[in-house]
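Tertiary structure, described
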Amino acid sequence: MNKDGSRAPEGRTAWRKAAVVAVPALAAVAAMGVAMSDGVLASSFAVSGSAFQVSAGELTSDGLASFAQLDRSTDGTQHPAALLGIGGATLSDFCQASRFSTPVGTVVFKLTAGGDAGKISASDLVLDGEDLVGDAQLGTVQLGRDASTLDRVPGVRGEPGQFGLQASQVTVSGVRSHARSVTGGNFRLKGLKLDVSLDGKACF
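Just so we're clear, the structure is a prediction, and the values are computed from it rather than from any experiment.

**Considering unusual backbone geometry**
With a phi angle near 50°, Thr140 is a residue other than glycine that sits in the positive phi range. The phi torsion at Asp199 lies on the positive side, around 55°, for a residue other than glycine. With respect to the helices and strands, the residue Asp199 is situated in the segment after strand E8 (193-198). Note on Asp199: relative accessible area 56%, which makes it exposed.

Right under this line is the structure:
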């Protein structure tokens, strides 16, 4: 509470946007060219006008569920994305970076974790991504399952009749991706480092 008795605004940490979009389902969803819809788990906030970079040396997850949807920015622009639910994940050499223009040049906001400090972990993530590059191995894959019946990640379901996919296990190495948003999740970031620089180097 503030001194005047009003409620203080909730804290928001920038690293919550750093969650990895490391799921091979992205490429499959894009290739299918499925019709986009709002979806039951559409982002609960307006996304920024540009995607941010995410990379990792390796990601492993004990569950994946995915379907396509539209995100919206504050000006009403719609951005197609693949919503991905990840039940639990372990990552190595994690990096997140975003660029934005200022009167003095392009500023790079960069967050890294893991590395020599050890692997990091995240759970209960719901994230929206645009693309993915990496070498993947999936376990018990189901492509084309009705999105309303997905059950690998609790609470992650789409609309009836919508294309969905899920897998029991996911391992991706050499992760390179662009994301729009991430919500929820509990992060344990070992060796966390935050850097803001002018014309600095991004993740890739």
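**Description of the nonpolar core**
Counting 26 residues, the largest nonpolar core has Leu64, Leu91, Phe94, Leu125, Leu127 and Val175 as its most contacted members. Broken down by secondary-structure element, the contributors of at least two residues to this core are strand E1 (52-61), strand E3 (78-92), strand E5 (105-113), strand E6 (120-146) and strand E7 (163-188). Residue contributions to this core peak at 9 residues, all from E7. Of all hydrophobic cores here, the second largest spans 8 residues; its members include Leu83, Leu150, Val153 and Val156.

**Some points on the environment of Arg152**
Within the secondary structure, Arg152 sits in the loop between E6 and E7. In this structure, the C-alpha to C-alpha distance between Arg152 and Gln166, residues 14 residues apart in sequence, is 6.6 Å. If sequence neighbours within four positions are ignored, Arg152 has contacts with Asp62, Leu64, Gln166, Ala167 and Ser168.

**Here we look at the state of the cysteines**
Summed over all chains, the structure comprises 1 disulfide. Disulfide pairing is shown between Cys95 and Cys203; the S-S distance is 2.0 Å. One disulfide, between Cys95 and Cys203, carries an S-S torsion of -85° and so falls in the left-handed class. Highlighted residues: Cys95 in strand E4 (residues 94-102) and Cys203 in the segment after E8, separated in sequence by 108 residues. Taking the relative accessible area as the measure of exposure, Cys203 reaches 15% and is therefore buried.

**Observations regarding the side chain of Ser177**
For Ser177, the location among the structural elements is in strand E7. Judged by relative accessible area, which is 0%, Ser177 ranks as buried. Here Asp131 takes part through its backbone oxygen, which lies 2.4 Å from a polar atom of the side chain of Ser177.

Reading the values: the criteria
- Residues numbered from 1 in each chain as written.
- Predicted model: local features only at pLDDT ≥ 70, side-chain atom pairs only at ≥ 80, totals over all residues.
- Heavy atoms only, no water.
- Helix = DSSP H or I, 4+ residues; strand = E, 2+ residues; numbered from the N terminus.
- Buried < 20%, exposed > 50% of the residue type's maximum accessible area, 1.4 Å probe, protein only.
- Core = buried A, V, L, I, M, F, W, Y, C linked by side-chain atoms within 4.5 Å.
- Contact = heavy atoms within 4.5 Å.
- Disulfide = S-S within 2.5 Å.
- Polar contact = N/O pair within 3.5 Å; in protein donor to acceptor, adjacent residues only side chain to side chain.

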